[in-house]
Amino acid sequence: MSLLIGIPKETFAGEKRVASVPEVVVKLVKLGFAVAVESSAGEAANFADDDYRAAGAEVLPGAADVWARADIVFKVRPPTLDEVGMLREGATLIGFVWPAQHPELMEALQARKATVLAIDCLPRQLSRAQKMDALSSMAGISGYRAVVEAANAFGRFFNGQITAAGKIPPARVFIAGAGVAGLAASGTAANLGAVVRANDTRAEVADQVVSLGGEFVKVDYDEEGSGGGGYAKVMSEGFQAAQRAMYAREAKDADIVITTALIPGKPAPKLITAEMVQSMKPGSVIVDLAAEQGGNCELTVPGEAVVRHGVTIIGYTDLVSRLARQSSTLYSNNLLRLTEELCKAKDGNIVVNFEDDAIRGLTVVKEGELTWPAPPPKLPAASTKSKASNAPITAPKGHGHGASEPMSVKSLAIVFGVGALLFLLVGLYAPASFLTHFTVFVLACFVGYMVVWNVTPSLHTPLMSVTNAISSIIAIGALVQIAPPLAEGATDRPGGLIGILAFVAITLTAVNMFGGFAVTRRMLAMFRK
């Protein structure tokens, strides 16, 4: 018997998201599940009840009906204690839970003998868990929306312009914290034409900032800041002092500051002090993405936009809900991927397999038993090659296919000598017509080799697909064999085996030609926006 997935309406103030959208409901039904949605659950995200009915879901009139009937409940925000009271005993809850911040909720869920999969506890360091990573999905939206809100509050263009009315300098944007949200903000601000500078305690994100059009600002203090699960760790006092000094300089020069720094299980670190705000130019904007956890700015008021010392400080806690349709779609896709992992048999039933590190990590309660925190996931052992010294890698000796250095002068002379001798023998004994074709063939091989040798390896696939297509001149030879010119006095054309082979050659060559250009087009499309 298939299980029923229930999707209640979110009750948190200002929350417009819904845990599943009609497009995903169709896929859940194909997995064998029945789906029930509370009436108007998706209304705030512009998903009508009729859309859910058309997707195969049952629309129920009230929340109590959904909670009481559902075997599995999809949620966005953590449920209230009243909602837990309506949950069927032994049912499964999937959504954001934040177990460290909600001990009473955890006790209530255990009392209902529930199984709880907290999407916020997913081991994000596992590469296969990325498709289920709702934290990253929501962070990317909040980073984008932060720039939109900043542009709305800022008093001029982001991009620089020179007009008849005067010169407009580009906005200067500083982003504190280059995680998923920070990188999304960097890319959005850079695309709008702003000068973007960003900082993070994790040195490995520097290249990502640069690739998005920003400049990475390094703290003048050597300390690695990578923590577990894709988060930053708490830094030393010395590093924090150097970081505050750098932030003070950047805030004074910036028109817009976007802060994104969070450490799991701890209040948001205070990065922007009141003195830094006071030093900023009048009309500047601060967008604090950590407002819900206390804020990275000392003057942030969670849920509000306030003006202090002429600076607008935006502390909205519903940035993701301000793009409710987009965020609901991404979030429901994350839950769909998780459901696919739980229901590999596609029979409408789920199996919470603790042998799967991703499933074990996000399971905080199983059948009423507390299983949080989960043990660290088993990561593959680091390769010994990655721990090798940074000494330059020398190319292997010899001149095989894998050699990275050109042939020596002596080897090259031997190769050319042998080739010249073979060419002489061919010229002495082969017909004149063969010698002409053979000369063209040898020169084509030489030119082709020299061309490919000087192309970077990353372009070999599109290069070879193009050369395959171009080299299909063999089609002309096959056509000549099928319909050769008639000799003087002849009345028919040769056929039989030669004609059949020529036809096969044309067919294969056509596949090679069109396939080569198709592969090239797809490869080059990967590098275009």
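In this report, the structure presented in the accompanying data block is examined.

The rules we used
Residues numbered from 1 in each chain as written. Predicted model: local features only at pLDDT ≥ 70, side-chain atom pairs only at ≥ 80, totals over all residues. Heavy atoms only, no water. Helix = DSSP H or I, 4+ residues; strand = E, 2+ residues; numbered from the N terminus. Buried < 20%, exposed > 50% of the residue type's maximum accessible area, 1.4 Å probe, protein only. Contact = heavy atoms within 4.5 Å. Areas by Shrake-Rupley, 256 points an atom, 1.4 Å probe, with all protein chains shown as cover. Pairing = 2+ DSSP bridges. Axes fitted to C-alpha atoms, helices over the stretch in contact; angles between N-to-C directions. Core = buried A, V, L, I, M, F, W, Y, C linked by side-chain atoms within 4.5 Å. Patch = residues over 30% accessible without salt bridge, like charges linked within 9 Å, V, L, I, M, F, W, Y side chains within 5 Å. Salt bridge = Lys/Arg side-chain N within 4 Å of Asp/Glu carboxyl O. Right-handed = clockwise from strand over helix to strand, strands pointing away. Expected span 1.5 Å × (residues − 1). Polar contact = N/O pair within 3.5 Å; in protein donor to acceptor, adjacent residues only side chain to side chain. Phe/Tyr/Trp six-rings, centres within 6.5 Å; stacked < 30°, edge-to-face > 60°.

Before going further, it helps to examine the overall build of the protein chain. Helix and strand content of the protein chain: 17 helices and 17 strands. The burial tally for the protein chain puts 41% of its 529 residues in the buried class. Residue pairs at least 24 apart in sequence account for 62% of intrachain contacts in the protein chain once pairs closer than 6 positions are excluded. Only carbon and sulfur atoms are counted for the fraction: they give 61% of the accessible area of the protein chain, which is about 28700 Å².

Looking now at the sheet that holds strand β11 (residues 215-216). What the seven strands build is an open sheet, ordered β11-β10-β9-β12-β13-β15-β14; its pairing is mixed. Both edges of this open sheet fall to β11 and β14 (305-308), since each of them pairs with a single strand only. Here strand β12 (residues 256-259) pairs with strand β13 (residues 285-288) via four bridges, running parallel. Following the sheet pairing, I256 is matched in β13 by V285. Contacts from helix α6 (residues 134-153) reach β12, β13 and β15 (311-314), with the element oriented near 155° to β13.

Spatially, β3-β2-β1-β4-β5-β6-β16-β17 is the arrangement adopted by the eight strands of the open sheet, whose pairing is mixed. The open sheet is flanked by β3 (58-60) and β17 (369-370), the only strands paired with a single partner. Helix-sheet contacts for helix α1 (residues 22-30) involve β1 (4-7), β2 (34-38) and β4 (72-74), and the interaxial angle to β2 is about 150°.

With 48 residues, the main nonpolar core has I7, F74, Y331 and L338 as its most contacted residues. Sorting the residues of this core by element identifies β1, α1, β2, α2 (49-55), β4, α6, α11 (324-342) and α12 (357-362) as the ones contributing at least two each. Looking at this core, the element that brings in the most residues is α11, giving six residues. Ignoring anything within four residues of it in the chain, the contact list for I7 reads V18, A19, S20, V25, V35, A36, V37, E38, A41, V66 and F74.

A surface patch of nonpolar side chains, amounting to about 870 Å² of accessible area, comprises I414, V418, L421, L422, L424, L425, L428 and Y429. For L424, a relative accessible area of 48% corresponds to the partly exposed category.

Right, let's get into the environment of L105. With respect to the element layout, L105 can be found in helix α5 (residues 103-111). Looking at L105, the relative accessible area reads 5%, which means it is buried. Considered as a pair, L105 and P79 are 26 residues apart in the sequence and their alpha carbons are 7.9 Å apart. In this structure, L105 is in contact with P78, P79, L81, V84 and V97, ignoring residues within four places of it in sequence.

In this structure, β14 lies alongside β15, joined through four bridges in antiparallel fashion. Bridge pairing in β15 links A305 to I314. Hairpin connection from β14 to β15: two residues lie between these consecutive antiparallel strands, with H309 at a positive phi of about 55°.

Of the two faces of β13, the one lined by V285 and V287 and the one lined by I286 and D288 are each fully buried. With respect to chirality, the unit in which β12 leads through helix α10 (residues 274-279) into the neighbouring parallel β13 is right-handed. Sheet topology note: the β13/β15 ladder contains three bridges and is parallel. The residue bridging I286 from the neighbouring strand is I313, located in β15.

This part covers the pattern of salt bridges. Tallying each qualifying case throughout the model produces 23 salt bridges. The partner of R69 in a salt bridge is E58, and the shortest N-O contact between them spans 3.2 Å. Remark: E58 occurs in strand β3 and R69 occurs in helix α3 (residues 63-69); sequence separation between them is eleven residues. When its relative accessible area of 39% is taken as the criterion, R69 is described as partly exposed.

Here the focus is helix α17 (residues 497-525). Counted at 1.5 Å a residue, the expected span for α17 with its 29 residues is 42 Å, and the 42 Å between its end C-alpha atoms agrees. Of the positions making up α17, those classed as buried are G499, A502, T509, G516 and T520.

By secondary structure assignment, the location of K75 is in the loop between β4 and α4 (81-86). Classification of K75 as buried rests on a relative accessible area of 1%. A polar side-chain atom of K75 sits 2.9 Å from a polar atom in the side chain of E10. If near-sequence neighbours (up to four positions away) are discounted, K75 is found in contact with P8, E10, A19, W67, E83, L93, I94, G95, F96 and Y331.

Here we come to the packing of aromatic side chains. The geometry of two aromatic rings is summed up by the distance between their centres and the angle between their planes. Taken as a whole and assessed by the stated rule, the structure comprises five aromatic pairs. Aromatic pair Y221 and F239: ring centres 6.1 Å apart, planes at 85°, arrangement edge-to-face. Of this pair, Y221 sits in the loop between β11 and α9 (237-253) while F239 sits in helix α9, and the two are 18 residues apart along the sequence. The exposure class assigned to Y221 is partly exposed, which follows from its relative accessible area of 34%.

Here W372 and P373 are connected by a cis peptide whose omega angle stands at 0°. Structurally, the position occupied by P373 is in the loop between β17 and α13 (409-429). Not every positive phi belongs to a glycine, and W98 is a case in point at roughly 55°. On the secondary structure map, W98 appears in the loop between β5 (92-95) and α5. Unusually for a residue other than glycine, K113 sits at a positive phi of about 55°. Mapped onto the elements of the fold, K113 is located in the loop between α5 and β6 (115-118).

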